[in-house]
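One-letter residues, chain by chain:
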Amino acid sequence: MTDNRNLETAWTYHDATKHSYASVRANPHFMDWANQPLPFKIYPALEPLRLPGEVRQTGVAALSAIAESVPARTSAAPDLEAVTQLLYLSAGITRQRNHPGGEIYFRAAACTGALYEVELYLVCGDLANLQAGIYHFAPAEFGLRKLRAGDYRRVLLEATSGELAIGYAPLTVICTCTYWRNAWKYQSRTYRHFGWDNGTLLANLLAVATALGLSTQVVCGFVDANVNRMLDIDPLREVAFSLVALGHAAALPPPSPADISPLSLETVPLSRREVDYPLMRKMHAASSLDSGEEVKTWRAHPSMTNSPTPAGSVVPLQGVQLSPLSDAEIPRDPIEQVILRRGSSRKFSQTPITLPQLSTMLARATRGVPADFLDPPGAQLNDLYLIVNAVEGLPSGAYVFHRNRGQLECLKPGNFRAEAGYLGLEQQLPADAAVDIFFLADLRPILQRFGNRGYRAVQLEAGILGGKLYLGAYAQRLGATGLTFYDDDVIRFFSPHAEGKSAIFLVAVGNSAKHKP
Ligand SMILES: Cc1cc2nc3c(=O)[nH]c(=O)nc-3n(C[C@H](O)[C@H](O)[C@H](O)COP(=O)(O)O)c2cc1C
């Protein structure tokens with residue numbers, strides 16, 4: 001049995017990193033500001049190649065870009081300007097603010113604690129104005145640092161055991177996650193954040209790619225060691241988490257250069273000292289795939305259709321039909337504008353949003369993500385449960401979202417603002433929001449099917465859908481924020497319907513109120 005099939009590791013990690021009323025109070029952890037990690041990975045010996053300063057606009061409506069994807073095998077390759085758009089709008093610095101701990105460089109996608117532990121690398125063949133190579137994206141300089149010259153796409157094709165979306169992609173973006181940068185604040189829970197923060201970034205990346213006419217495929221099935229080795233990252237500190245194939249070329253790439261020897265490139269230390277959280281590295285090792293054969297078996301998993309209805313339920317659905325806006329009715333604010341407008345709400349006004357606004361957000365965020373772990377296309381691992389505080393035309397209460405029927409099923413009516421505030425780690429934001437959208441998943445069949453790696457996939461999917469909800473809210477001039485939560489209390493609140501499931505993610509949506517920092 002491979003480690004990936006030993007499911008105890010995922011369960012141990014999940015249970016050990018739950019938040020509860022008691023665990024939060026018992027945790028002596030504090031943020032050591034003098035040892036705060038650098039927010040950027042810097043290779044001091046490599047001169048960055050500056051990206052064009054002007055970022056082109058597609059003008060495609062954000063609400064279309066988050067909902068749609070370009071059909072697989074549509075011939076298209078990004079040029080340098082498209083690469084610039086993709087990088088800037090998913091991981092670029094979009095705002096900066098002075099803070100007692102120093103300057104904070106806010107990025108295009110939401111990220112827990114604004115710690116930005118996700119790094120992006122490009123692996124491409126020759127593109128218009130960008131030579132074949134492996135590059136690291138440097139947001140601070142808004143540039144690319146070339147790590148290897150030449151076309152290394154075959155290495156990725158092999159590492160993914162012949163994943164054709166990767167094979168034919170002119171460009172693949174590799175997302176890595178750096179433990180310490182996030183664990184400085186969040187300790188072992190950081191491994192969950194890898195999925196969340198990589199996911200919100202991917203929501204932007206996928207939407208921009210769609211707006212650019214590029215097909216996409218998120219790939220979680222790869223031989224970890226081979227990808228890490230190709231990037232020459234230190235897997236005790238930084239690990240490849242997801243790959244995104246972008247575009248489609250006419251042919252598979254030529255053989256890669258034989259040399260993938262270590263680069264021995266110096267990087268600037270993130271902090272004076274780093275604290276190790278072995279639970280996360282154990283989780284990562286146990287969800288790693290060790291050979292092409294293992295990747296192939298992993299990918300050939302049987303299809304899983306998801307339905308938030310518990311097996312054996314005989315209660316006929318008392319659903320509220322959603323009323324999403326049609327393509328002709330949606331606000332047409334372009335994806336670029338919406339990404340730049342986005343920023344997590346720091347205070348909600350308690351005023352209601354409308355049912356069509358909520359419906360549009362839910363419907364458009366959940367139309368499916370092209371990913372190697374979501375089969376058939378349109379499948380979803382997470383179920384959405386809502387606390388509705390203030391939506392015109394929808395009684396306040398707890399609901400479950402039936403995606404396939406476009407309905408919300410009321411689990412219990414009532415005013416749950418206080419409960420929402422408590423469940424969202426006793427914060428005011430979820431109490432004041434118009435709606436709190438909880439992502440719950442039944443980890444049992446997911447881990448059964450994908451092994452421990454299913455834990456990565458379910459967190460990543462939640463982050464992607466959460467990121468789409470963010471964009472769906474801001475496209476309608478609403479506000480949103482990701483939130484953390486008291487795991488088991490969330491399940492208790494939505495039970496008996498949610499019995500046996502696990503809390504994965506939370507996004508609050510509403511009207512932003514002016515907030516004095
Ligand atoms: C998954 C996730 C969880 C978050 N949890 C919280 C939270 O519990 N409380 C909070 O105030 N903000 C939370 N945030 C918001 C982040 O602090 C915010 O994204 C970060 O500071 C970057 O700022 P921006 O989103 O405005 O660009 C969360 C964000 C994400 C993506």
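The structure presented is a predicted model; accordingly, all values stated were derived computationally and were not measured.

1. Details of the layout of surface pockets
Right, on to step 1. Here the second largest pocket defines a volume of roughly 610 Å³.
Right, on to step 2. When contributions to the lining of the second largest pocket are tallied by element, the ones reaching two or more residues are α6 (164-167) and β8 (216-219).
Right, on to step 3. Among the residues making up the lining of the second largest pocket, the classes are represented as 13 nonpolar, nine polar and seven charged.

2. A word on the side chain of Arg-145
Right, on to step 1. With respect to the element layout, Arg-145 can be found in strand β6 (residues 143-149).
Right, on to step 2. Assessed through its relative accessible area of 4%, Arg-145 is described here as buried.

3. Notes on the environment of Arg-273
Right, on to step 1. Along the chain, Arg-273 falls in the loop between β9 (238-246) and α10 (278-286).
Right, on to step 2. Since its relative accessible area comes to 45%, Arg-273 is described here as partly exposed.
Right, on to step 3. Between the alpha carbons of Arg-273 and Leu-425 there is a distance of 29 Å; along the sequence they are 152 residues apart.

4. Points about the pattern of salt bridges
Here the idea is simple: oppositely charged side chains can pair when their charged atoms come close.
Right, on to step 1. Enumeration over the complete set of coordinates arrives at 24 salt bridges.
Right, on to step 2. As a salt-bridge pair, Arg-273 and Asp-32 come within 3.4 Å of each other at their nearest N and O atoms. In this pair, Arg-273 sits in the loop between β9 and α10 while Asp-32 sits in the loop between α2 (21-26) and β1 (49-50), placing the two residues 241 residues apart along the sequence.
Right, on to step 3. Three or more residues are tied together by salt bridges with common partners; here these are Asp-15, Lys-18 and Asp-488.

5. Some details on empty space enclosed by the protein
Right, on to step 1. For the structure on display, the rule yields four cavities of 30 Å³ or more.
Right, on to step 2. There is about 90 Å³ of room inside the largest cavity.
Right, on to step 3. In this structure, the largest cavity is lined by Ser-90, Ala-91, Arg-107, Ala-109, Ala-110, Cys-111, Tyr-116, Glu-117, Val-118, Asp-197, Thr-200 and Leu-201.
Right, on to step 4. Secondary structure elements with two or more residues in the lining of the largest cavity: α4 (80-91) and α8 (190-211).
Right, on to step 5. Tallying contributions element by element places α8 first for the lining of the largest cavity, with three residues.
Right, on to step 6. The residue inventory of the lining of the largest cavity, partitioned by class, reads seven nonpolar, two polar and three charged.
Right, on to step 7. Each pocket or cavity is described by its volume, and for the second largest cavity that value is around 70 Å³.
Right, on to step 8. What lines the second largest cavity is a set of 13 residues, and nearest its centre among them are Ala-65, Ile-66, Glu-68, Leu-206 and Lys-468.
Right, on to step 9. Per-element accounting of the lining of the second largest cavity gives the leading share, four residues, to α8.

6. Focus on the nonpolar core
Right, on to step 1. Ranked by size, the top nonpolar core spans 136 residues in total, and within it Leu-362, Phe-373, Leu-386, Phe-439 and Phe-494 carry the most contacts.
Right, on to step 2. Per element, the largest residue contribution to this core is twelve residues, and it comes from helix α17 (residues 453-474).
Right, on to step 3. Those residues in contact with Phe-494, other than ones at most four positions away along the chain, are Tyr-385, Leu-386, Ile-387, Ala-398, Tyr-399, Leu-411, Phe-438 and Leu-440.
Right, on to step 4. Judged by nonpolar contacts, the second largest core, of 22 residues, contains Tyr-121, Ala-159, Ala-169 and Ile-174.

7. Details of the side chain of Lys-468
Right, on to step 1. Inspection of the secondary structure assignment puts Lys-468 in helix α17.
Right, on to step 2. Within the buried set, Lys-468 has no salt-bridge partner at all; the shortest N-O distance to an opposite charge, 10 Å, is to Glu-68.
Right, on to step 3. Residues in contact with Lys-468, not counting those within four places in the same chain, are Ile-66, Ala-203, Ala-365, Gly-368 and Val-369.

8. What about the sheet that holds strand β12 (residues 383-388)?
Right, on to step 1. Within the open sheet, the seven strands sit side by side as β10-β15-β14-β12-β16-β18-β17. Their pairing is antiparallel. Looking at the sheet topology across the chains shown, the edges are occupied by β10 (319-321) and β17 (479-483). Here the strands of the sheet are splayed against their neighbours by 30 degrees on average, with no regard to which way each runs.
Right, on to step 2. Pairing geometry for β12 and strand β16 (residues 435-441), over six bridges, is antiparallel.

Reading the values: the criteria
- Residues numbered from 1 in each chain as written.
- Predicted model: local features only at pLDDT ≥ 70, side-chain atom pairs only at ≥ 80, totals over all residues.
- Heavy atoms only, no water.
- 1 Å grid on protein atoms, 1.4 Å probe; cavity = no way out; pocket = protein on both sides within 12 Å on 5 of 7 lines; lining within 4 Å.
- Points joined across faces, edges and corners; volume = space filled by probe spheres on them.
- Helix = DSSP H or I, 4+ residues; strand = E, 2+ residues; numbered from the N terminus.
- Nonpolar A, V, L, I, M, F, W, Y, C, P; charged D, E, K, R; others polar.
- Buried < 20%, exposed > 50% of the residue type's maximum accessible area, 1.4 Å probe, protein only.
- Salt bridge = Lys/Arg side-chain N within 4 Å of Asp/Glu carboxyl O.
- Core = buried A, V, L, I, M, F, W, Y, C linked by side-chain atoms within 4.5 Å.
- Contact = heavy atoms within 4.5 Å.
- Lys, Arg positive; Asp, Glu negative; His and termini not counted.
- Pairing = 2+ DSSP bridges.
- Axes fitted to C-alpha atoms, helices over the stretch in contact; angles between N-to-C directions.

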